[in-house]
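# Examining the three-dimensional arrangement
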Amino acid sequence: MLRENISLKPFNTFGIDVNAKYFIEISSEEELIKVLASKKNQEKFILGGGSNMLLTKDIDALILYLNIKGKEIVSQDEASVTVRVAAGENWHNFVLWCIENDYGGLENLSLIPGNVGTAPIQNIGAYGVELKDVFISCEAIHLKTLKKRTFTLSDCKFGYRDSIFKHEIKGEFVITAVNVKLSRNNHSLNTSYGAIEEFLNSNEINTPTIRDVSNAVIAIRKSKLPDPDEIGNSGSFFKNPIISASDFKKLSLKYPSVPSYKLEDGKVKVPAGWLIEQSGFKGKRYGDAGVHKNQALVLVNYGNASGSEVLKLAEKIQKTVAEKFNIHIETEVNIIK
Ligand code: EPU
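Everything numeric in this text was worked out from a predicted model, so none of it was measured.

## Here's the deal with the overall build of the protein
Scanning the protein from N- to C-terminus turns up nine helices and 20 strands. Taking 20 Å as the expected radius of gyration for a compact globule of 337 residues, we find that the protein reaches 20 Å, a close match to that expectation. Summed over its atoms, the accessible surface of the protein is roughly 16,300 Å², and 47% of this surface lies on carbon and sulfur atoms. In the protein, the 42 positive side-chain charges and the 40 negative ones have mean positions that sit 6 Å from each other.

## Considering the domain arrangement of the protein
Here the protein is partitioned into domain 1 (3–66), domain 2 (71–183) and domain 3 (232–336). Between domain 2 and domain 3, the C-alpha centre-to-centre distance is 27 Å. With four residues of domain 2 at the interface, the matching set in domain 3 holds five residues. Summed over both partners, the interface of domain 2 with domain 3 buries about 490 Å², with 40% contributed by carbon and sulfur atoms. Three residues stand out in domain 2 for area buried against domain 3, namely Tyr 160, Arg 161 and Lys 166, and they jointly supply 79% of the buried area on that side. The interface formed by domain 2 and domain 3 holds one salt bridge in total. Between Arg 161 and Glu 332 there is a salt bridge, with the nearest N and O atoms lying 3.5 Å from each other. Viewed at the interface, domain 3 and domain 2 are joined by two residue pairs in polar contact (both at pLDDT 80 or more). Classifying every residue of the side of domain 2 that touches domain 3 gives one nonpolar, one polar and two charged.

## Here's the deal with helix H9 (residues 307–325)
When the terminal C-alpha atoms of H9 are compared, their 27 Å separation across 19 residues agrees well with the 27 Å that a helix rising 1.5 Å per residue should span. Of the positions making up H9, those classed as buried are Gly 307, Val 310, Leu 311, Leu 313, Ala 314, Ile 317, Gln 318, Val 321 and Phe 325. The arc that holds the buried residues of H9, viewed along the axis, is 160°, so those residues lie on one side. Exposed residues pointing more than 90 degrees away from the buried face of H9 are listed as Lys 312, Lys 319 and Glu 323. Looking one or two residues beyond H9, the residue adopting positive phi is Asn 326, at roughly 60°.

## Regarding the pattern of salt bridges
Applying the stated criterion to the full structure yields 15 salt bridges. The residue Lys 148 makes a salt bridge to Glu 29 at a minimum N-O spacing of 3.0 Å. In this pair, Lys 148 is assigned in strand E11 (residues 148–152) and Glu 29 in helix H1 (residues 29–38), connecting sequence segments 119 residues apart. For Lys 71, the salt bridge identified is with Glu 89, shortest N-O distance 3.7 Å. You can see Lys 71 sitting in strand E6 (residues 71–76) and its partner Glu 89 sitting in the loop between strand E7 (80–86) and helix H2 (91–100), a full 18 residues away along the chain. Residue Glu 89 is classed as buried on the basis of its relative accessible area of 11%. Each of the salt bridges in this network shares a partner with another, and the network as a whole consists of Glu 29, Glu 72, Arg 84, Glu 139 and Lys 148.

## So, the site of the ligand
The ligand sits among 24 residues. The nearest are Tyr 127, Tyr 160, Arg 161, Tyr 193 and Glu 277. In the environment of the ligand, an oxygen atom lies 3.3 Å from a nitrogen or oxygen atom belonging to the side chain of Glu 332. Spatially, the ligand is embedded in the second largest pocket. For the shell around the ligand, the elements supplying multiple residues, two or more each, are helix H6 (210–224), strand E13 (232–236) and helix H8 (272–278). When residues in the shell around the ligand are grouped by element, the largest group, three residues, is from H8. Here the residues of the shell around the ligand are counted per class, giving twelve nonpolar, five polar and seven charged.

## Focus: the sheet that holds strand E3 (residues 44–47)
Here four strands make up an open sheet; going across it, the order is E1-E2-E5-E3 and the pairing mixed. The sheet is open, and its two edges are formed by strand E1 (2–7) and E3, each paired on a single side. Averaged over all pairs of adjacent strands, the angle between their axes in this sheet comes to 35°, without regard to strand direction. Across six bridges, strand E2 (residues 19–26) lies against strand E5 (residues 59–66) in parallel orientation. Looking at the pairing, Glu 25 lines up with Tyr 65 of E5.

What counts as what
Residues numbered from 1 in each chain as written. Predicted model: local features only at pLDDT ≥ 70, side-chain atom pairs only at ≥ 80, totals over all residues. Heavy atoms only, no water. Helix = DSSP H or I, 4+ residues; strand = E, 2+ residues; numbered from the N terminus. Rg over C-alpha atoms; globule rule 2.2 N^0.38 Å. Areas by Shrake-Rupley, 256 points an atom, 1.4 Å probe, with all protein chains shown as cover. Lys, Arg positive; Asp, Glu negative; His and termini not counted. Charge placed at Lys NZ, Arg CZ, Asp CG, Glu CD. Domains from an automatic or database assignment. Contact = heavy atoms within 4.5 Å. Buried area = accessible area lost by both parts, 1.4 Å probe. Salt bridge = Lys/Arg side-chain N within 4 Å of Asp/Glu carboxyl O. Polar contact = N/O pair within 3.5 Å; in protein donor to acceptor, adjacent residues only side chain to side chain. Nonpolar A, V, L, I, M, F, W, Y, C, P; charged D, E, K, R; others polar. Expected span 1.5 Å × (residues − 1). Buried < 20%, exposed > 50% of the residue type's maximum accessible area, 1.4 Å probe, protein only. Arc of directions from axis to C-beta. Near = heavy atom within 4 Å. 1 Å grid on protein atoms, 1.4 Å probe; cavity = no way out; pocket = protein on both sides within 12 Å on 5 of 7 lines; lining within 4 Å. Sits in = over half its atoms within 2 Å of the grid points. Pairing = 2+ DSSP bridges. Axes fitted to C-alpha atoms, helices over the stretch in contact; angles between N-to-C directions.

Okay, structure coming up:
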């Protein structure tokens, strides 16, 4: 059903109040194809969980709100199971369902806001695991030709918060389902991340299960990251910048306490949260836009901030970090201008 002139505030986790001129909820692939065929010449805007976007203006394009549901087991053997999950399923509910069924692989990705369909676009990741580690393929419909295409792991060209869907074919496809391969026993847990280890030790868990790891991740995220149901936000607003080894050497001479992760190619990833905190922004508030008090990488909307106010704050942060450290921090969130 077509709805006109509705507020998008409930449809984006930042809680930004902009107007949608035309809005259609899509609950099946058939419906998607029908709508695309009947609105051929209209510009489209695909909306999933709205968890990785900053809306800075009203949307005149036809919004297709992807709410396709369903989970099915495609195949399984002793060791593993392949699950096909529809784009409109809530990501965290899907993770919990996997844990309920003792399917391992996604426990470190607990409590990430958003829907399944947007997970491949930015190759969601947390605590040492990325979607690509369990990803088999995703199914997508081409907006113009209406043809269905399956993208394999290599087709997706996954990188750090990155994929082909952000570059070569940006805006051309709607992802309708994702296939992941999960373990059924002998789960290989990834508990190397410091805060996970600390949680397990302090709760005296010596032989953790996937549920224990999920609980650890949930506790860590709750302690650091604001709940979008309480304070509007889109998780990490910026990506952690990657700099050359020689630039890192200079940086660490000046700031010996700078945290870092060495990458395989010799480059170094520096936490943007640290750069922003050192630039004095942590916990700062400008009107209803602000920088979260426990994690400087997260920008927040205390209630009625506009997208432009948040964007202005983001630009101020980028400028200050560039002046202080000579490092450009790129936005991770998709800015809709
Ligand atoms: N740090 C600070 N000040 C801050 C925040 C962080 O100094 O305000 C320092 C910490 O001391 C720590 C380092 O930065 O040494 C790393 O912080 P954290 O463990 O919180 O991780 P992050 O690098 O800031 C990334 C992801 C998160 C993910 C965590 C855990 C990106 C852009 N963000 O954050 O992803 O949950 O690692 O794996 O890569 C998201 O994408 O929305 C998200 C929350």
